[in-house]
Amino acid sequence: MAYQISDDCIACGSCAAGCPVGAISEGDGKYVIDADACIDCGSCQGACPVGAPQPQ
Ligand code: SF4
Ligand code: SF4
């Protein structure tokens, strides 16, 4: 299990700043989560203004 960022992402960067394991990086037009690093804490979902990170 890991979170994934949907295409709703507006690339604001808030989620990456709060990820405790540094699993989020800027991708091509949106931010992306490294599924192998994500510990499923849900912090990114709470930080996101558009609800883009979702548990998969
Ligand atoms: Fe990082 Fe937690 Fe989001 Fe996973 S769920 S990407 S560990 S903030
Ligand atoms: Fe994208 Fe939401 Fe992360 Fe901002 S907080 S970069 S909108 S996923």
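Our subject is the structure listed above.
Predicted, not measured: the structure shown is a model, and the values here were computed from it.

S.K.: Just to check I follow, could you spell out the overall build of the chain for this structure?
M.R.: A count of helices and strands for the chain gives two helices and four strands. Listing the helices and strands of the chain from first to last along the sequence gives β-α-β-β-α-β. Scaling as 2.2 N^0.38, a compact globule of 56 residues should have a C-alpha radius of gyration of about 10 Å, and the chain matches this with 9 Å. Dimensions along the principal axes, computed over C-alpha positions, put the chain at roughly 25 × 20 × 20 Å.

S.K.: Explain the site of ligand 1 to me, please; I cannot follow it from the model alone.
M.R.: Of all residues adjacent to ligand 1, which total 13 residues, the nearest are Cys19, Cys38, Cys41, Gly42 and Cys44. Of the residues belonging to the shell around ligand 1, the class tally is 10 nonpolar, two polar and one charged.

S.K.: Mind showing me how you'd approach the site of ligand 2 here?
M.R.: By nearness alone, 14 residues border ligand 2, and Cys9, Cys12, Gly13, Cys15 and Cys48 come closest of all. When its residues are assigned to classes, the shell around ligand 2 shows 12 nonpolar, two polar and no charged.

S.K.: It is not clear to me how the nonpolar core should be interpreted in this structure. Could you clarify?
M.R.: Side chains of nonpolar character tend, in soluble globular proteins, to be buried together. Formed by 14 residues in total, the largest nonpolar core has its most connected members in Ile5, Cys15, Ile24, Tyr31, Ile33 and Cys44. Those elements giving two or more residues to this core turn out to be β1 (3-5) and β3 (31-33).

S.K.: Please clarify how the pattern of salt bridges should be interpreted in this entry.
M.R.: Opposite charge on two side chains makes pairing possible when the charged atoms of those side chains draw close. Here the structure, examined in full by the defined rule, presents one salt bridge. Between Asp7 and Lys30 there is a salt bridge, and its shortest N-O distance comes to 3.4 Å. Here Lys30 lies in the loop between β2 (24-26) and β3 and Asp7 lies in the loop between β1 and α1 (14-18), a separation of 23 residues in the sequence.

S.K.: It is not clear to me how the side chain of Lys30 should be interpreted in this structure. Could you clarify?
M.R.: A distance of 2.6 Å separates the side chain of Lys30 from the backbone oxygen of Ile5, its partner in a polar contact. In contact with Lys30, not counting residues within four places along its chain, are Ile5, Ser6, Asp7, Cys9 and Ala11.

Parameters at a glance
Residues numbered from 1 in each chain as written. Chains lettered and ligands numbered in written order. Predicted model: local features only at pLDDT ≥ 70, side-chain atom pairs only at ≥ 80, totals over all residues. Heavy atoms only, no water. Helix = DSSP H or I, 4+ residues; strand = E, 2+ residues; numbered from the N terminus. Rg over C-alpha atoms; globule rule 2.2 N^0.38 Å. Near = heavy atom within 4 Å. Nonpolar A, V, L, I, M, F, W, Y, C, P; charged D, E, K, R; others polar. Core = buried A, V, L, I, M, F, W, Y, C linked by side-chain atoms within 4.5 Å. Buried < 20%, exposed > 50% of the residue type's maximum accessible area, 1.4 Å probe, protein only. Salt bridge = Lys/Arg side-chain N within 4 Å of Asp/Glu carboxyl O. Polar contact = N/O pair within 3.5 Å; in protein donor to acceptor, adjacent residues only side chain to side chain. Contact = heavy atoms within 4.5 Å.

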